[in-house]
Amino acid sequence: MGVRHPNPRLVKVHRNYSVEEVARLFGLHKNTVRNWLKQGLAAIDDRRPTLILGQELSRFLHERRQKARQACGPGRIFCIACRAPRVPAGKMADCTATGPLAGTLCGICPDCDRLIYRRVNLAKLDAVRGDLEIAFTQPRPRIGERAAPSVKCDSGEKAQAHEDA
Ligand SMILES: [Zn+2]
């Protein structure tokens, strides 16, 4: 762990790093660092050997982490423990409204069983819910909005059950 998301705090912002030094710092292959240079990590200049400012390296790694967090597609919630977006167990999540337009999705990480949370804009919930089954844990403020009972079948329990064998 930690290799895929190197900790920017290991970087000393006031020094320069060669590709080899960055690789050693994080225990990565040099090619990974070269790849970062292609992905937007800026070298000091075009001269060889390539040198990277600590400050720039730190910026790049922070940004990468940010992106990894945001790359949480529809139907996924980021697990802080696993450091990865996860489809919550059972594809289920609870949604708790925290404001008129804000809410928090809560599910269970299928890998580590921890609760995972994702803040959502309720107006854009459809864009992030994916194929999750979402239960709203707080009743809407308006009373009597829905008189109909919830999804459960209330009409005499077993009356509706199949009687054929
Ligand atoms: Zn997890």
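A. Representation of the coordination of the zinc ion in the model. Every protein donor of the zinc ion is listed here as Cys 79 (SG), Cys 82 (SG), Cys 109 (SG) and Cys 112 (SG), and their distances to the metal cover 2.2 to 2.3 Å. Geometry at the zinc ion is tetrahedral, judged from its 4 donor atoms and the angles of 103 to 114° they form at the metal. Of note, the zinc ion draws all its donor residues from one chain, in the sequence arrangement C-x2-C-x26-C-x2-C. Of this pair, Cys 82 sits in the loop between β3 (77-79) and β4 (84-86) while Cys 109 sits in the loop between β6 (102-108) and β7 (115-121); the two residues are 27 residues apart in sequence, bridging distant segments of the chain. Given a relative accessible area of 15%, Cys 82 falls into the buried group.

B. The arrangement of the environment of Ile 80 in detail. As for its placement among the helices and strands, Ile 80 is situated in the loop between β3 and β4. Looking at Ile 80, the relative accessible area reads 71%, which means it is exposed. Expressed as a C-alpha distance, the spacing of Ile 80 and Leu 115, which sit 35 residues apart in the sequence, is 9.5 Å.

C. Local environment of the confidence of the model for the protein chain. Looking at the protein chain as a whole, the pLDDT averages 83, with 78% of positions reaching at least 70. Confidence drops under pLDDT 50 across residues 147-165; counting only partners more than four residues distant or on other chains, this segment forms 3 contacts.

D. Main features of the layout of surface pockets. Its boundaries defined by the atoms lining it, the second largest pocket holds a volume of some 240 Å³. As for the second largest pocket, its lining consists of 12 residues, of which Phe 78, Ile 80, Ile 116, Tyr 117 and Arg 118 are closest to the centre. Elements supplying a minimum of two residues to the lining of the second largest pocket: β3 and β7. The leading source of residues in the lining of the second largest pocket is β7, at 5 residues. Within the lining of the second largest pocket, the residues separate by chemical class into 8 nonpolar, no polar and 4 charged.

What counts, and at which threshold
- Residues numbered from 1 in each chain as written.
- Predicted model: local features only at pLDDT ≥ 70, side-chain atom pairs only at ≥ 80, totals over all residues.
- Heavy atoms only, no water.
- Donors = N, O, S within 2.8 Å, 3.2 Å for Na, K, Ca; no water.
- Tetrahedral: all angles 85-135°; square planar, octahedral: opposite > 155°, others 65-115°.
- Helix = DSSP H or I, 4+ residues; strand = E, 2+ residues; numbered from the N terminus.
- Buried < 20%, exposed > 50% of the residue type's maximum accessible area, 1.4 Å probe, protein only.
- pLDDT = per-residue confidence, 0-100.
- Contact = heavy atoms within 4.5 Å.
- 1 Å grid on protein atoms, 1.4 Å probe; cavity = no way out; pocket = protein on both sides within 12 Å on 5 of 7 lines; lining within 4 Å.
- Points joined across faces, edges and corners; volume = space filled by probe spheres on them.
- Nonpolar A, V, L, I, M, F, W, Y, C, P; charged D, E, K, R; others polar.

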